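So the chains spell out like this:
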Amino acid sequence: MAIIHTQEWVTLPPPGTSPWNYNQYANGNPSLHLNAGSPAGGNANRANFFSGTYATSQGGGRSMYSALPSNLQDYYFGHWILWSSNWIWHPVGSKIDYSFQRNTANAAGNKDNFLIMVQPTGANPQGTLTFTQQLWNAPGTQNRSVGIPNFVNNTWYWLEFHATSNSMNGSSPNQDGLIEVWINDVLRLRATNVVHSTTANNWFGDTGHSPEYGGGAHTLPLDQYILFDHSVFSTTRIGIPGGTPIDTTPPATPTGLQVS
C-alpha cells in the first residue's frame, strides 16, 4: 500500500504549522473529542453543530489536507466516521467530505469539486449516501446515489472513496473519470463516466472533512456532532483497518506453458 498520509487525530495539528487547514477553527470547530472509542483508539476530530435556529447551512469546521502530491490524478481517501447518539438528519442533506480541484469559484460558487453527503429519501430520514459534483462548466452539477447504508447513530463506520480524474479533449473534459465508494468495505458505488475537472488542470487538490448541516434554514433543539478518526490518503486501496489486507500485487506472468 502506498500511503500518502495518515492522521490519527491524537491532537489537532495547529493551523499554519501543518498541512491541515481549519477555516472555522476560530469558532471552536473542529475540536478534539477525547477518548472517542473509535476502532483506531484514542481521540477523534469532532465537528460540532450547536443548538439554535439558522437561516442557512451550518458548518461544523472543515479539516482540509493541503499537501497531496502535485499533479495527483488518482487517489483513495478513507476514515472512520460516527454521528452522535442524538443526531437529527437535515431535511436537505448532511455533508461529510470535500475534494477541490480549483481554488477560485465561478458566479454560482462552483470550483470543480465533489462532495460526499447524506440526503433524505422519502420516509427514510437517514436517506442515501450521495456523490455530488459541483463543476465550473458543463456538464454541470450531478448527483450519484450510493444506496441506503442504514446508518445508525453512535456507531462507527469506515468510509472510503477512490477518485480518478477525467482526461481532457483539448480544453473540453471527457466523461471518463472514476468514483468508487465503500462503506465498511462494501462497494456501494462505482461510476466510470465522471467529470471531476472541466479545465486542463485536471488534478486533485485540497481534500478532507467538510461536515456541513444543510442546504437551507433549520433549527437544532440540541447540540450534536460528527466524529472523524484515522484519516488516510493513499494511492492504492486502503481497506477497513484491522480487516483482511487487500492484495494489490498483480499476478506473475505464467512460465513454462506449452500448447499441445
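This text goes with the structure placed above it.
About the criteria used
Residues numbered from 1 in each chain as written. Predicted model: local features only at pLDDT ≥ 70, side-chain atom pairs only at ≥ 80, totals over all residues. Heavy atoms only, no water. Helix = DSSP H or I, 4+ residues; strand = E, 2+ residues; numbered from the N terminus. Rg over C-alpha atoms; globule rule 2.2 N^0.38 Å. Buried < 20%, exposed > 50% of the residue type's maximum accessible area, 1.4 Å probe, protein only. Contact = heavy atoms within 4.5 Å. Lys, Arg positive; Asp, Glu negative; His and termini not counted. Charge placed at Lys NZ, Arg CZ, Asp CG, Glu CD. Pairing = 2+ DSSP bridges.

Scanning the protein chain from N- to C-terminus turns up zero helices and 20 strands. Against the 2.2 N^0.38 benchmark of 18 Å for 260 residues, the protein chain shows a C-alpha radius of gyration of 19 Å, consistent with a compact globule. C-alpha atoms of the protein chain, sized along the principal axes, occupy 75 × 45 × 45 Å. Taken across its 260 residues, the protein chain has 48% of its residues classed as buried. Pairs at least 24 apart in sequence give 68% of the contacts found in the protein chain among residues at least 6 apart. When the 9 positive and 13 negative side-chain charges of the protein chain are each reduced to one mean point, those points stand 7 Å apart.

Turning next to the pairing of strand β20 (residues 224-234). The element β20 is extensively covered by neighbouring structure, given that eleven of its eleven residues are classed as buried. The pairing of strand β4 (residues 44-49) with β20 spans five bridges and is antiparallel. Paired with N45 across the two strands is F228, which belongs to β20. As judged from the seven bridges shared by strand β8 (residues 74-83) and β20, these two strands associate in the antiparallel manner. When the sheet's bridge partners are listed, G78 is paired in β20 with V232.

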